[in-house]
Structures are given as structure tokens and as C-alpha cells.
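# Coordinate inspection notes
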Amino acid sequence: SAVAITGCACSRTKTQRRHAAHFTFQPDPVPSQYGPTQKMNLFQSITSALDNTLASDPTAVIFGEDVAFGGVFRCTVGLRDKYGKDRVFNTPLCEQGIVGFGIGVAVAGATAIAEIQFADYIFPAFDQIVNEAAKYRYRSGNMFDCGNLTIRAPWGCVGHGSLYHSQSPEAFFAHCPGLKVVIPRSPIQAKGLLLSCIADKNPCIFFEPKILYRAAVEQVPEDPYTIPLSQAEVLQEGSDVTLVAWGTQIHVLKEVASMAQEKLGVSCEVIDLQTILPWDIETVCKSVVKTGRLLISHEAPVTGGFASEISSTVQEECFLNLEAPISRVCGYDTPFPHIFEPFYIPDKWKCFEAIKKMINY
Amino acid sequence: VQNFITVMETLFQLVVFVFQGARVVVSRSFADFTPQATFDIKKCDLHRLEEGPPVKAELTREQGLQYYRTMQTVRRMELKADQLYKQKIIRGFCHLYDGQEACAAGIEAAINPSDHLITAYRAHGYTYTRGVSVKEILAELTGRRGGVAKGKGGSMHMYAPHFYGGNGIVGAQVPLGAGIALACQYQGNNQVCVTLYGDGAANQGQLFESYNMAALWKLPCIFICENNKYGMGTSVERAAASTDYYKRGDFIPGLRVDGMDVLCVREAAQFAADHCRAGKGPIIMELQTYRYHGHSMSDPGVSYRTREEIQEVRSKSDPISMLKERMLSHNMASVEEFKEIDIEIRKQVEDATQFATSDPEPPLEELCNHIFSNNPLLEVRGTNPWSKLKSVS
């Protein structure tokens, strides 16, 4: 498809060909241990998690830009009608204010769930998150903390987002002790992880892959349940290569794993990191000890992306087990492009090629 | 002789009438149009100002036709962008400016091309008034190499000499504008910087930081709030504790202007520019305007306001109609002239669309160009360790 796009400029018809998504969402099997389930997509599973929270925790409040009518991605639909306008309310257009305000709410004892409309807009709030929220407990000697704060933001490429609606800023926050950064891959994971973040006594940032809001549909339990943080999940066992990713990229890697099995006879172990900070070093290293090869993939630019942290730690812990250099298949070191998006993202072909090179090292 | 002339005139008009279809109107004499007229305009509300802009505006025939042409071009260009977006030829984000044309046209009429202007993402109108052709704007929207930013910026990132965009992050352009004004002051070139933002951005903290710096150092910065009553889907009453945006600068003088009247905008902008050039420091203008489309192409624009409201503004305060009616009622131009201009503009936009849809996309090498300024070629790491692209800048 990459070749087709380059060569096609002259034969393009008046109506633009639709860009197909670079991944196929692969739903998880229906969980049986959490009670009755219902078909939900990603934004509905988020609404369900928030609904459970507002029902069980009388101090919980949800705020952000446009959350009252349901949110620009419909994650908070119906909550204001159900729980009242003093619990689900809009803020003016001020990210720094939203997070600062959220920290205050959390420190005073209420559960604050702040929404930043797009992860790309989180930067005015960066100071509040890094300098205030993350350091509150530490600097007060545990007298105060803003563990009741959870920040949610839509994250990642969406096909037409270009520079300011596609960014994946998890690496900026991974550099900040005191925060937890969590990214789900699917509705079932999203609800469980979001409820864990809200319950967790540390400030958490929850990035939701916006391209999956409608595309990902699964049978999600209606009752509340939690999925533990800082535990990576091994989705598929394998013996030759370990593939690590999070969010949307997991679905790309799952496809790559089946391609590798079919075409190269290579058995891949796919790991969803889920929590970026603090990340599950043990699971990843155990897997690399078994397979000897590691590929990490994310949409964010390669320099300083979170794959560099994983790569560095794994080579420290598993140096003698490595059969090939650790591969990082990530975005280019450019701002997220407008027209070049299909070339920029680490799609399945690039990951597949990386596996081929690792196997033949 | 008088009778003879009258007879000839009538005969002439008859001839012209007969040839109307073939558009021989060109041969009609324009000597019977009023060359200049004075119009009453709305008085501006003032904040910390003793006197405001004049309540009467002079308009010459040439100026009127020029403003009409500018506004109509912006209008047609935006409607064409709407059409192309619905055909999925333009993708990504597209924030249309129709309804607000008087702001762009009026401001441009009041400032010099050597002055500076910076605005937010609803920028197509200003890109045009600052000198970029419709062709280049549409090609940038469709992401082709003929676009003003080589196809790499898209709708929100169009630039021109003395026009600094085109900014996606809400409110981020205001400190930039204050900085440009500082540069003007430092270089002593008697230029001003017009810094635009919307009613939604008026609640961002960085604006107040900019107001403080501009007032402290008396920067020649004209802060303009284009209040179109809705910040995306939130009406101003629900977002702002004070909707008197012209007073929000507190210690900075302000004016509230009817943004649907191009003459009102022009007079106010002229007043503001004179204020800044006289070294009196910054000034805030609030332009009360309206957008017909939703916030962006993904917003139908009717879930937070009624169709009746939009219709009412369209029928009573449309900037283009207002100017046209004024000129016609004062016999400054004819209906046919306006029709001709419309046809010309339509053709111009069609040609631009043709270019924008047939121009090739930028080559893949452009992906990595212009990241840094670098003399030897910079190697940019790609998705894999062995795939590197060269970056030229």
C-alpha cells in the first residue's frame, strides 16, 4: 500500500481514495470472571467506568472542556443528567487551569477526574503535572498528596490528525517520578485500567487511543473491575522474538506476529506493557531471556521515545541473552506530519522487516 | 442640444439593454456613479479611552469594490473548501471563516502590508488578505506541493511575509504577537502587530501574561478578540465570567466594534493602529462577529445554536450584503458590476480548485526537511535503525 500511494499521483480520481487504517482491531475473548457483559466500544467502556465511579464514590467529579454534553468523543455521555451538574461540569478553555484546579480538588480529598481534550493540548498543563502533582507527596513528606487525581486524554494517531491531534506524549511524562502513565489497548482493558487509576493513590495520566474509540468493540463487563497497574500482559506466547508495544500498536504487532509465523516460521511473544510508568521490567526481561530478541514499537518519535528506556534496561539486565540488537520501530524524528502520515507511522511492514533482520542477524 | 443628448442617452441605454445578454455593459459610461460617500457607522463602546473612532466613515467607489471583491473571494473560497472537504479531497481539520469576512477585509484596509499579523486556526481569510493567492491556499488545504506551506502545514498552518499564521494551539499565538510587537518597537520601524484570538482563547492564561508585558513595555500590539459568540460549542456566557472581552485587558484600553460592518472594523483598526504608532502602548479590540459554519467541518454547528439564529444573522447582518446594499443605495455601483465581480471570482476559485486537485503531493523527501536549520545534511532516524532520511533545511 505504501508503494501504491507514492506512484499514484497522476491517476488519482476526483474523489480521494479513503485511507485504510493501518491496523485491524483484534478483540479479546469475553471475560467470564467479572459478571454479565455488554457489547461496548472504547468510548462506551470509558463511560461505563466513569459511571461506576460516580455511583460508588460520592466525592468523584468529572471536569474538562465540553464534558457536560458528553465530550467531543462521547466519553461522558449521560453522566451529567444522571449525576448532576455539580459533579460533571465544563471548564473554560484553559488546560493549565484544569490540571491545577484538579490538583487542588484532589489534595482536598475529592476524587478528581480531569479531561484534557487532546493529549496534544496537555503541554500548558505540563508544569502543573510535573512540578506540582508528581512532587506533592514527596515534598510534603507524605503529609499531602494528590493521589485522587486522574487525568484522561485522547492519544495517538487517527489517520487525519496531523500535527496537533495525533501526538503520543507518554515519553515526556515517563521521565517524571511520582506519576503513573497508563495506556489501554481495548475496551475491556480500558475500563479495568481506568478504574485502577482512579482507585490508585497516585496521580495518574490515562491516555486513550482515539483511533480505537469507535473501531474497538468488545464484550465488556458492566460491573466495576480493576486490572492491576504496572503489570504487563503477555498476549501470545512465543519462543523466538519478543514484541512489546502499547495502545493501538498492539494490534499492529499481533498482525505482525501472525505474519512472522506464516511467512518466516518465527514464533513471537507479544507483550502489552499497559503501564508505561512504572513499567513491568520483570515480565519483559523474563520474556527476552527466553527468546533472545526484542522489538519495541510505538508511534512517538524514536529519539527519546519510551522504547529507548525499555531497550536500555533490557540490555542491562539481559545482555548475555540477546541474540540480536534490540529493535525499535517507531515514528520518524519529525513533528507528526499532515500529508505524510502513512509513511510516518510504524506500520506492520516496517515491523515485519525488523523481525526479519533480527532473525538473520 | 439637451434634447438631443437625452434622446441619444435613451437610445444608448436601449442599445445597452438589448445587448445586456452579451454583456456589452462595459461600454456603459461609469460617470454617473457616486465616487465617494459618507456612511454612519455604529459607535464603539470604549474602555479607558476618552474618545473612540469616528462615527462616520468615508468610502470611495474603488475602495468599496475592492472590499467587496476581497470579502466575496474569501466567502467563495471558504464555500469551495467546504465542498472539497465533503468530497474528502481536503482532509484533516478545516475551520471556515464565512460570516467573518468583514474582520479580515476591514483590518487589512486599515494597516499597511509592512505591518504584522498573527491569528489562530481560522486563518484562511487572513492568509488571503495578507497576499497569498486562492490557488496556493486551496492547494495547501489539499496538501499539494503548490500549497503555500509546501503541503506540509494544512489548514491551520499557512504563512506569508508579515503573516505569522495559522496556529493550532488555542491562545499560543498571543504571546508570539506581543513578541513581534516588541521587535517592531526595538527596530523602530513604526510598524504594529495585529494579534488575533477568539472568545474561547480569551480565557487562556498566556493572554493575560501577554497583556501585562505589552502594557508594561508599551508594545505596539493591537490585540483583537474575534468574538463569534461560541468557543467551539460553548457559548460565551457559559465560558467566561465577563463577556466584555474588550475590557478583559483591564489596564489596557479597549473598544468593542461591530465586526459585521467592514467600515466599522476599518475605522476602529485605523484608530487602534494610530494609537499604537503614537507610542501609547497596546490596545484591545473586540470584534463582534458571527460564523455561519460550525467550529470546524466535523461540527454541524446547529447543536448549540438554532438554525433560526444563523438565518437571522445571514439575512440581517451579512457583511457582504451590507456593503453591497450601501453601495447600491448610494449609487456607487450597479448590480451588474457586482454580478461581474462575482463571476470573475467564481472563475478564479474554480481555476484554483482545478490546480489544487491536480497538483501532485509533496515528495517523500519533504517528510524530514526543515526540522532543524542545518548546513551539512542532517540524518533523521526513521522507523528502523537502517532507514534514515536526509533532512535539508
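Numbers given to residues run from 1 along each chain, matching the order in which its sequence is written. The lettering of chains begins at A and the numbering of ligands begins at 1, in the order of writing. It should be noted that, the model being predicted, local features are given only for residues of pLDDT at least 70 and side-chain atom pairs only at 80 or more, the latter also being counted only at that level, while totals for whole chains, interfaces and linings use all residues. Side-chain numbers here rest on the full set of heavy atoms in the structure, without hydrogens or water.

## Here's the deal with the pairing of strand 10 (residues 241–245) of chain A
Successive residues of a regular strand alternate their side chains across the two faces of the sheet. Residues and elements named next belong to chain A. Only protein chains enter the accessibility calculation, which uses a 1.4 Å probe; a residue whose area is less than 20% of its type maximum is buried, one above 50% is exposed, and one in between is partly exposed. Going along the chain from the N terminus, every DSSP run of H or I of four or more residues is numbered as a helix, and every run of E of two or more is numbered as a strand. For strand 10, the tally of buried residues reaches five of five residues, placing the bulk of the element in the interior. What you see with strand 10 is no split at all: Val241, Leu243 and Ala245 on one side and Thr242 and Val244 on the other are buried throughout. Strands are treated as partners if at least two bridges between them are detected by DSSP. Pairing of strand 10 with strand 11 (residues 268–272) involves five bridges; the strand directions are parallel. In the strand pairing of strand 11, alanine 245 is matched with aspartate 272.

## What to know about helix 11 (residues 281–291) of chain A
An α-helical segment advances 3.6 residues per turn. Residues three or four places apart therefore align on the same side. Residue and element names in this part refer to chain A. Taken as a whole, helix 11 has its buried residues at Thr283, Val284, Cys285, Ser287, Val288 and Thr291. Contacts were defined at the residue level, with two residues in contact if any of their heavy atoms lie within 4.5 Å. On its buried face, helix 11 sits against strand 9 (233–236), strand 10, strand 11, strand 13 (294–301) and helix 12 (306–317). Looking one or two residues past helix 11, glycine 292 carries a phi angle of roughly 85 degrees, positive in sign.

## Regarding the interface of chain B and chain A
In many reports, interface size means the accessible area that the parts give up when they come together. Opposite the 48 residues of chain B that make contact, chain A presents 44 residues. Summed over both partners, the interface of chain B with chain A comes to about 3800 Å²; 61% of that surface belongs to carbon and sulfur atoms. For the chain B face of the interface with chain A, the top three residues by lost area are Leu367, Arg381 and Thr383 of chain B, together amounting to 18%. In protein, a polar contact requires one atom able to donate a hydrogen and another able to accept it; more generally it is a pair of N or O atoms within 3.5 Å, and residues adjacent in sequence count only if both atoms are side-chain atoms. The interface formed by chain B and chain A contains three residue pairs in polar contact (both at pLDDT 80 or more). For the side of chain B that touches chain A, the elements supplying multiple residues, two or more each, are helix 5 (134–141), helix 8 (236–239), helix 12 (335–358) and strand 11 (378–381) of chain B. Summed over both partners, the accessible area lost on bringing two parts together, with a 1.4 Å probe, is the buried area.

## Some details on the packing of aromatic side chains
Note on aromatic pairs: each is described by the distance of the centres and the angle between the planes. Note on aromatic contacts: the rings of Phe and Tyr and the six-membered ring of Trp form a pair at centre separations within 6.5 Å, being stacked when their planes are under 30 degrees apart, edge-to-face when over 60 apart, and tilted otherwise. For the structure shown, the criterion picks out 22 aromatic pairs over all chains. Aromatic side chains tyrosine 211 of chain B and phenylalanine 223 of chain B sit 5.1 Å apart centroid to centroid with 80 degrees between the ring planes, which places their arrangement in the edge-to-face category. With tyrosine 211 of chain B in helix 7 (residues 205–216) and phenylalanine 223 of chain B in strand 6 (residues 221–227), the pair connects residues that are twelve residues apart, well separated along the chain. A single burial state applies to tyrosine 211 of chain B and to phenylalanine 223 of chain B, both of which are buried. Through a chain of ring-to-ring contacts, three or more aromatic side chains come together here, namely Phe123, Phe126, Phe172, Phe173 and Phe207 of chain A. The lysine or arginine in question, arginine 139 of chain A, covers the ring of tyrosine 136 of chain A, its NZ or CZ lying 4.5 Å from the ring centre. Counting as a charge over the ring demands two things of the Lys NZ or Arg CZ atom: a distance within 6 Å of the ring centre and an angle within 35 degrees of the ring normal.

## Some thoughts on the UniProt feature "domain: Dehydrogenase E1 component" (unreviewed entry) in chain B
UniProt positions are given in the numbering used here, feature names are shortened, and annotations may be inferred rather than shown by experiment. According to UniProt, the "domain: Dehydrogenase E1 component" (unreviewed entry) feature falls on residues 70–364 of chain B. Within the segment residues 70–364 of chain B, helix and strand shares are 45% and 11% respectively, and the terminal C-alpha atoms sit 35 Å apart.

## Comments concerning the sheet that holds strand 9 of chain A
All names here are of chain A. Strand order in the open sheet made by the five strands is 9-11-10-13-14, with mixed pairing throughout. Either end of the sheet is taken by a strand with one partner, and the two such strands are strand 9 and strand 14 (327–331). Neighbour to neighbour, the strand axes of the sheet diverge by 25 degrees on average, direction disregarded. For strand 9 and strand 11, the ladder comprises three bridges, and the chain directions are antiparallel. By the bridge assignment for strand 11, glutamate 233 is matched with aspartate 272. In this analysis an axis means a line fitted to C-alpha atoms, helices contributing only their contacting stretch, and an angle means the value between N-to-C directions, from 0 to 180 degrees. Lying over the sheet, helix 12 contacts strand 10, strand 13 and strand 14, oriented at roughly 155 degrees with respect to strand 13.

## Some remarks on the UniProt feature "domain: Transketolase-like pyrimidine-binding" (unreviewed entry) in chain A
The positions that UniProt labels "domain: Transketolase-like pyrimidine-binding" (unreviewed entry) are, in the present scheme, residues 40–215 of chain A. Secondary structure over residues 40–215 of chain A splits into 38% helix and 16% strand, and the C-alpha atoms at its two ends are 10 Å apart.

## Looking at the nonpolar core
In this description, a nonpolar core means a group of buried Ala, Val, Leu, Ile, Met, Phe, Trp, Tyr and Cys residues linked to one another through side-chain atoms lying within 4.5 Å. Ranked by size, the top nonpolar core spans 73 residues in total, and within it Ile107, Tyr126, Leu138, Ile222, Val257 and Met285 of chain B carry the most contacts. Looking at this core, the element that brings in the most residues is helix 9 (residues 262–277) of chain B, giving ten residues. Sequence-distant contacts of leucine 138 of chain B, that is, excluding residues within four places in its chain, are made with Met77, Lys80, Leu84, Val349, Ala352, Thr353 and Ala356 of chain B. Grouped together as the second largest cluster of nonpolar side chains are 57 residues, Ile46, Ala60, Ile113 and Phe352 of chain A included.

## Digging into the pattern of salt bridges
The working definition used for a salt bridge is a side-chain nitrogen of Lys or Arg within 4 Å of a carboxyl oxygen of Asp or Glu. Inspection of the entire model under this criterion finds 33 salt bridges over all chains. A salt bridge links arginine 152 of chain A to glutamate 208 of chain A, with the nearest nitrogen and oxygen atoms 2.6 Å apart. In this pair, arginine 152 of chain A sits in strand 5 (residues 149–155) while glutamate 208 of chain A sits in strand 7 (residues 204–209), placing the two residues 56 residues apart along the sequence. Among the ionic pairs, glutamate 337 of chain B bridges to arginine 61 of chain B, the shortest N-O distance being 2.9 Å.

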